[in-house]
Amino acid sequence: MIFTVAIDGPAAAGKGTISKAVAAHFGFAHLDTGLLYRAVGAKVLAGADPLTAAKTLDPTDLENDALRTPEVAQAASQVAVIAEVRSALVDFQRSFAQRIGGAVLDGRDIGTVICPAADAKLFVTASPECRAERRFKELQGKGMDVSAQQVLADVIERDKRDSERATAPLIAAADAQQIDTSDLTIDEAVNAAIAFVQSRLG
Ligand code: CDP
């Protein structure tokens, strides 16, 4: 069976948590496409050329905790503006989406550009303040030296860059189910996503 779930939304909206839970519930594979851009961003911070980094990306580059820092997130959103970098990452994402047994991909342009024919599309959002607070706690929990103010500024700056870029901007697909997680617990958000995907599976 081929069944693709596209989960998009702004920074730290809860896409990762929801995607993992949906994938586990249905036994689908999960790809966090943000990690692709983060891995390219990290290589650029280390001195690489963005396009070369994107073209030579290896799956093992994604297994790296250092990709979760705010610096790498900013570098990711800067390389994500470059159309050629995005093109270099398309085939990998589309093949993942077509794998037998079902796939969940989360990112910014999955329902609009990477998998416009996805079987189920979700657009997960929350207020910038909620998202920043959650990300702040997450980074703090990992022992990172960050301030709440810095994290909010980072989230707002990336959302602006991601939404205003010419290629594959952050925008909800017309046929995406929107979930605002501002006032939902993790369980409520996950259950809403699972119920929607279930309705598409029939
Ligand atoms: O975890 P968070 O939502 O903060 O970010 P992420 O999903 O890891 O994505 C990091 C950055 O990669 C984003 O700010 C986007 O600029 C870029 N990205 C993208 O352009 N397209 C995607 N499909 C996924 C991420």
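The structure reproduced in this document is the subject of the present report. Since the structure is predicted, the reported quantities are computational estimates derived from the model, not experimental observations.

On to the overall build of the chain, then. From N to C terminus, the chain includes 10 helices and 5 strands. Relative to the compact-globule value of 17 Å for 202 residues, the chain shows a C-alpha radius of gyration of 16 Å, a close match. For the C-alpha atoms alone, the extent of the chain along its principal axes is close to 50 × 35 × 30 Å. Within the chain, buried positions represent 48% of all 202 residues.

Pairing between side chains becomes possible if they bear opposite charge and their charged atoms approach one another. A complete count under the given rule lists 13 salt bridges for this structure. When the shortest N-O distance is used, the salt bridge between Glu138 and Arg135 registers 3.3 Å. Here Glu138 pairs with Arg135, and both are found in helix α8 (residues 128–141), just 3 residues apart, close to one helical turn. With a closest N to O distance of 2.9 Å, Glu157 and Arg161 form a salt bridge. Of this pair, Glu157 and Arg161 both sit in helix α9 (residues 148–164), separated by 4 residues, roughly a single helical turn. Each member of the salt-bridge network shares a partner with another, and the members are Arg108, Asp162 and Arg165.

Where α8 contacts α9, the two axes come as close as 9 Å, and the packing angle between them is 125°. By the angle class used here, α8 and α9 are oblique. For the pair α8 and α9, the sense of crossing is right-handed. Every residue of α9 that contacts α8 at Pro128, Glu129, Arg131, Ala132, Arg135, Phe136 and Leu139 is listed here: Ala148, Val151, Leu152, Val155, Ile156, Arg158 and Asp159. When grouped by side-chain class, the residues that make up the contact of α8 with α9 number 9 nonpolar, no polar and 5 charged.

Turning our attention to the pairing of strand β4 (residues 120–125). Here β4 lies mainly inside the structure; 5 of its 6 residues are buried. In the sheet, strand β1 (residues 4–8) pairs with β4 via 4 bridges, with the strands oriented parallel. The residue of β4 that forms the bridge with Ala6 is Lys121. Pairing of β4 with strand β5 (residues 177–180) involves 4 bridges; the strand directions are parallel. Considered in β5, the bridge of Val124 is made with Ile179.

Of all residues adjacent to the ligand, which total 18 residues, the nearest are Arg38, Arg86, Arg135, Arg158 and Asp162. Contact between the ligand and Lys15: an oxygen atom at 2.9 Å from a side-chain N or O atom of the residue. The separation between an oxygen atom of the ligand and a polar side-chain atom of Arg135 is 2.8 Å. Here the ligand loses 97% of its free accessible area of 530 Å² to cover by the protein chains.

The next thing to look at is the pairing of β1. Of all 5 residues in β1, 5 are buried; the element is thus mostly enclosed. Covered by surrounding structure in β1 are Thr4, Ala6 and Asp8 together with Val5 and Ile7, the residues of both alternating faces.

Cut-off values and rules
Residues numbered from 1 in each chain as written. Predicted model: local features only at pLDDT ≥ 70, side-chain atom pairs only at ≥ 80, totals over all residues. Heavy atoms only, no water. Helix = DSSP H or I, 4+ residues; strand = E, 2+ residues; numbered from the N terminus. Rg over C-alpha atoms; globule rule 2.2 N^0.38 Å. Buried < 20%, exposed > 50% of the residue type's maximum accessible area, 1.4 Å probe, protein only. Salt bridge = Lys/Arg side-chain N within 4 Å of Asp/Glu carboxyl O. Axes fitted to C-alpha atoms, helices over the stretch in contact; angles between N-to-C directions. Parallel < 35°, antiparallel > 145°, perpendicular 65-115°, else oblique. Left-handed = near helix turned anticlockwise from the far one by under 90°. Contact = heavy atoms within 4.5 Å. Nonpolar A, V, L, I, M, F, W, Y, C, P; charged D, E, K, R; others polar. Pairing = 2+ DSSP bridges. Near = heavy atom within 4 Å. Polar contact = N/O pair within 3.5 Å; in protein donor to acceptor, adjacent residues only side chain to side chain. Areas by Shrake-Rupley, 256 points an atom, 1.4 Å probe, with all protein chains shown as cover.

By themselves, these are just geometric observations and shouldn't be taken as functional.
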